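Read off the chains here:
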Amino acid sequence: MVTIDPRTAGRARPQGSGFELFVWYVMRITGVMLFVLALAHFSILHFLFDPSQESATWIATQRWNSLIWRVFDWTLLMTVLFHSFMGVRTVVIDYVHGERPRLLLMSALYIVGLVLFVAGTSVVLTLPDKVL
Amino acid sequence: MLLFRYRAREGMLAWAFHRISGVAIWLFVVVHVVDIYLVGGDPKAYNTILQVYASPGGRIAEVLLGAALLYHALNGLRILIIDLWPAMTVYHRALWYASWVIFVAVGIPGAFIILRPVIGPALGIGA
């Protein structure tokens, strides 16, 4: 049995079952998804196109003119929100040990995550095919 | 700097870079969802922010963001390989060096494309 030094690889797989093990697995699944989704998103918007042309009108009329790209970006949003907020949660658990500061930070973290979930989802769903 | 002070080996650096790049990407995601929300909520404000993204300083920041993304993605793959195939732990250093080879091979041309409007004219190849 090879034991894995947590500093040489990722977080050690949590023992038993339950929420922590669930998060551990979903971090890995969303990680693989992001390898494709996030790198593709960055490549499309920085290599195929250039930020100088990506105006609000361009997003409404070109980038998001088909359901496929809206679904793609919404899937990316859901994946990145889970992966990044659960990742920062791990950082908080590692460095913040007081019960009250941790509760405060976690609450703030989940509230910001929820706000981004709602804001991002609403703009993907409601952006008309013409702005300005 | 604490990171490099005392016998920081590859595994520890890989872990530290993963954490730093991860938190940096998280910060950008928070900003980015807000600016994309503005495409619907306040398109004029979004267009103003976009000028910052397209500015020389913005492009340098995007190269750093791309570097953080690429490192985090490649090292994440290395973590996954070791998780799924524990025998590969022996080769964790080789995997880390391999990820840097890919990082440079993809990152240099990528940085060039993003910075071309800034450095192109100076190199005499146009924006």
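Let me sum up the structure you'll find in this document. Predicted model, so just to flag it, every value in this text is computed and none were measured. (Residues numbered from 1 in each chain as written. Chains lettered and ligands numbered in written order. Predicted model: local features only at pLDDT ≥ 70, side-chain atom pairs only at ≥ 80, totals over all residues. Heavy atoms only, no water.)

1. Observations regarding the overall build of chain B
Counting its regular elements, chain B contains five helices and zero strands. Against the compact-globule benchmark of 14 Å for 127 residues, chain B has a radius of gyration of 18 Å, which places it well outside the compact range. Projected onto its principal axes, the C-alpha coordinates of chain B cover approximately 55 × 40 × 30 Å. Evaluated residue by residue, chain B yields a buried proportion of 40% over its 127 residues. For chain B, contacts bridging at least 24 residues in sequence account for 56% of all contacts bridging at least 6. As displayed, chain B offers around 7,000 Å² of accessible surface, 75% of which is attributable to carbon and sulfur atoms. Taking the 9 positively charged and 5 negatively charged side chains of chain B as two groups, their mean positions are separated by 12 Å. (Helix = DSSP H or I, 4+ residues; strand = E, 2+ residues; numbered from the N terminus. Rg over C-alpha atoms; globule rule 2.2 N^0.38 Å. Buried < 20%, exposed > 50% of the residue type's maximum accessible area, 1.4 Å probe, protein only. Contact = heavy atoms within 4.5 Å. Areas by Shrake-Rupley, 256 points an atom, 1.4 Å probe, with all protein chains shown as cover. Lys, Arg positive; Asp, Glu negative; His and termini not counted. Charge placed at Lys NZ, Arg CZ, Asp CG, Glu CD.)

2. Topic: the pattern of salt bridges
Tallied over the full model, the rule gives seven salt bridges over all chains. Linking Arg11 of chain A and Asp94 of chain A is a salt bridge whose minimum nitrogen-to-oxygen distance equals 3.8 Å. Here the residue Arg11 of chain A occupies a position in the segment before helix H1 (19-48), and Asp94 of chain A occupies one in helix H3 (residues 67-95), the gap between them amounting to 83 residues. For Arg11 of chain A, a relative accessible area of 40% gives the class partly exposed. Linked by salt bridges that have partners in common, Arg11 and Asp94 of chain A together with Arg19 of chain B make up one network. (Salt bridge = Lys/Arg side-chain N within 4 Å of Asp/Glu carboxyl O.)

3. Here's the deal with the environment of Gly11 of chain B
Following the sequence through the fold, Gly11 of chain B ends up in helix H2 (residues 10-41). Between the C-alpha atom of Gly11 of chain B and that of His92 of chain B, which follows or precedes it by 81 residues, the distance is 7.5 Å.

4. With respect to the interface of chain A and chain B
Each side of the interface is counted separately: chain A has 45 residues, and chain B has 43 residues. Between chain A and chain B, a total of about 3,600 Å² is buried, with carbon and sulfur atoms accounting for 76% of that surface. Taken together, the connections running from chain A to chain B amount to three salt bridges. A salt bridge links Asp50 of chain A to Arg59 of chain B, with the nearest nitrogen and oxygen atoms 2.6 Å apart. Seen at the junction of chain A and chain B, the total is six residue pairs in polar contact (both at pLDDT 80 or more). Those elements giving two or more residues to the side of chain A that touches chain B turn out to be H1, helix H2 (56-63), H3 and helix H4 (99-126) of chain A. Of all the elements, H3 of chain A adds the most residues to the side of chain A that touches chain B, at 11 residues. Of the residues assigned to the side of chain A that touches chain B, the class counts are 29 nonpolar, 11 polar and five charged. (Buried area = accessible area lost by both parts, 1.4 Å probe. Polar contact = N/O pair within 3.5 Å; in protein donor to acceptor, adjacent residues only side chain to side chain. Nonpolar A, V, L, I, M, F, W, Y, C, P; charged D, E, K, R; others polar.)

5. Concerning helix H3 (residues 43-54) of chain B
Here H3 of chain B spans 16 Å end to end across 12 residues, near enough to the 16 Å set by a 1.5 Å rise per residue. Buried within H3 of chain B we find Pro43, Tyr46, Leu50 and Tyr53 of chain B. Projection of H3 of chain B onto a plane perpendicular to its axis shows the buried side chains occupying an angular sector of 55°, all on one side. Pointing more than 90 degrees away from the buried face of H3 of chain B are the exposed residues Lys44, Gln51 and Val52 of chain B. Structurally, H3 of chain B contributes buried residues whose contacts are with H2 of chain A together with H2 and helix H4 (56-84) of chain B. (Expected span 1.5 Å × (residues − 1). Arc of directions from axis to C-beta.)

6. Structural notes on the packing of H3 of chain A against H4 of chain A
Residues and elements named next belong to chain A. The interhelical angle for the contact between H3 and H4, taken along N-to-C directions, is 175°, at an axis separation of 10 Å. As far as their axial angle goes, H4 and H3 are roughly antiparallel. When its residues are assigned to classes, the contact of H3 with H4 shows 19 nonpolar, three polar and three charged. (Axes fitted to C-alpha atoms, helices over the stretch in contact; angles between N-to-C directions. Parallel < 35°, antiparallel > 145°, perpendicular 65-115°, else oblique.)

7. Regarding the side chain of His46 of chain A
Summarising the element assignment, His46 of chain A is placed in helix H1. With near-sequence residues (within four places) excluded, His46 of chain A lies in contact with Pro51 of chain A together with Glu62, Ile113 and Ile114 of chain B.

8. Looking at the packing of aromatic side chains
Residues and elements named next belong to chain B. On inspection of all chains with the given rule, the structure shows 12 aromatic pairs over all chains. On the basis of an interplanar angle of 35° and a centroid distance of 5.3 Å, the ring pair of Tyr71 and Trp100 is categorised as tilted. Taken together, the residues span a long stretch of sequence, with Tyr71 in helix H4 and Trp100 in helix H5 (residues 92-123) at a distance of 29 residues. Assessed through its relative accessible area of 25%, Trp100 is described here as partly exposed. For the pair Trp100 and Phe103, a centre-to-centre distance of 4.9 Å together with 75° between the ring planes defines the contact as edge-to-face. One end of the pair, Trp100, and the other, Phe103, are both in helix H5, three residues apart, so they sit about a helical turn from each other. Here the aromatic residues Phe17, Tyr71, Trp96, Tyr97, Trp100 and Phe103 are joined through ring pairs into a cluster of three or more. (Phe/Tyr/Trp six-rings, centres within 6.5 Å; stacked < 30°, edge-to-face > 60°.)

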